[in-house]
Amino acid sequence: MMRICLLYASMSGNTEDMAIIIKKELEKEEIEVVMEEMDGYEVEKLTEFNGLILGSYTWGDGDLPYEVEEFEEELVNVNLTRIPAAVFGSGDRIYPSYCEAVAIFEETLKKAGAVLVCNGLKNEFEPKNEAEKEACRHFAQQFSIALKERV
Ligand SMILES: Cc1cc2nc3c(=O)[nH]c(=O)nc-3n(C[C@H](O)[C@H](O)[C@H](O)COP(=O)(O)O)c2cc1C
């Protein structure tokens, strides 16, 4: 069985809501999902999985949340060569750097050797309506397809 790691950073629950929908959809595809908070997660453990999904809200002026800065710094030193990966996040369109954490993590994952298999998913606040929930499910389905093609 495929086993993936889904790590998220969420202060007020919006990114976590996205993570829950994504996890549920992946499980429908018979993928085991280990979902945990990113803050404090040991990056070395990431090499044990068939795939990796990261989710983060954006803070400051297009910045990563403080609590995951260390994780992101360490991530670049892990060998994730050819591991399928994808990033999602929640933000607020009022900020000029909308959901910038998604792009930041995508760059870091590429540096670590991972392969981005889906377009980054951005959502304003929590997934509110059916279209936004469907976008989360679609993201999970695209990830699932890519994961299965690679094995
Ligand atoms: C001080 C502060 C700075 C923020 N900066 C940004 C930003 O630069 N870009 C963005 O898209 N959203 C920004 N946001 C909005 C949050 O990312 C947004 O509320 C998000 O839905 C929070 O997700 P969470 O519920 O998972 O914590 C900021 C929010 C606060 C309070």
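Please read these numbers as outputs of a predicted model, since none were measured by experiment.

What counts and how
- Throughout, a residue's number is its position along its own chain's written sequence, starting from 1.
- Selection of residues for local features in this predicted model requires a pLDDT of at least 70, selection of side-chain atom pairs for listing and counting requires 80 or more, and totals for whole chains, interfaces and linings are taken over all residues.
- Heavy atoms from the whole structure form the basis of all side-chain values; hydrogens and water molecules are not counted.
- In this description, a line fitted to the C-alpha atoms serves as the axis of each element, helices being fitted only across the stretch in contact, and the angle between N-to-C directions of two axes falls anywhere from 0 to 180 degrees.
- Helix and strand definitions here come from DSSP, where helices need a minimum of 4 consecutive H or I residues and strands a minimum of 2 consecutive E residues; each element is numbered from the N-terminal end.
- These descriptions rest on fixed angle ranges, namely under 35 degrees for roughly parallel, over 145 for roughly antiparallel, 65 to 115 for roughly perpendicular, and the rest for oblique.
- Helix crossings are classified by the rotation of the near helix relative to the far one: an anticlockwise turn of less than a right angle makes the crossing left-handed, while a clockwise turn makes it right-handed.
- In what follows, residue pairs with any heavy atoms lying within 4.5 Å of each other are defined as contacts.
- UniProt positions are given in the numbering used here, feature names are shortened, and annotations may be inferred rather than shown by experiment.
- Working definition: residue near molecule or strand if any one of its non-hydrogen atoms lies within 4 Å of it.
- What qualifies as a polar contact is a pair of N or O atoms within 3.5 Å, subject to a donor-acceptor requirement within protein and to the restriction that residues adjacent in sequence count only when both atoms come from side chains.
- With residues, only the protein chains shown are counted as cover, and all accessible areas are computed by Shrake-Rupley using a 1.4 Å probe.

### Side note on the packing of helix H1 (residues 14–28) against helix H4 (residues 130–149)
Alright, step 1. At a minimum axis separation of 8 Å, H1 and H4 run at an interaxial angle of 45 degrees. In terms of orientation, H1 lies oblique with respect to H4. The way H1 lies across H4 gives a crossing that is right-handed. Contacts from Met 18, Ile 21, Ile 22, Glu 25 and Leu 26 in H1 reach Lys 133, Cys 136, Arg 137, Phe 139, Ala 140, Gln 141, Phe 143 and Ser 144 in H4.

### Observations regarding the UniProt feature "domain: Flavodoxin-like" (unreviewed entry) in the protein
Alright, step 1. Under the UniProt annotation, "domain: Flavodoxin-like" (unreviewed entry) lies at residues 4–144.
Alright, step 2. As annotated, residues 4–144 has a helix share of 35% and a strand share of 23%, and its two end C-alpha atoms lie 10 Å apart.

### Regarding the site of the ligand
Alright, step 1. Near the ligand you find 20 residues, and of these Ser 10, Met 11, Ser 12, Thr 15 and Ser 90 are the closest.
Alright, step 2. For the ligand, an oxygen atom lies 2.7 Å from a polar atom in the side chain of Thr 15.
Alright, step 3. Here an oxygen atom of the ligand sits 2.8 Å away from a polar atom, N or O, in the main chain of Thr 58.
Alright, step 4. Contact with the protein chains hides 85% of the accessible area of the ligand, taken as 650 Å² for the molecule alone.

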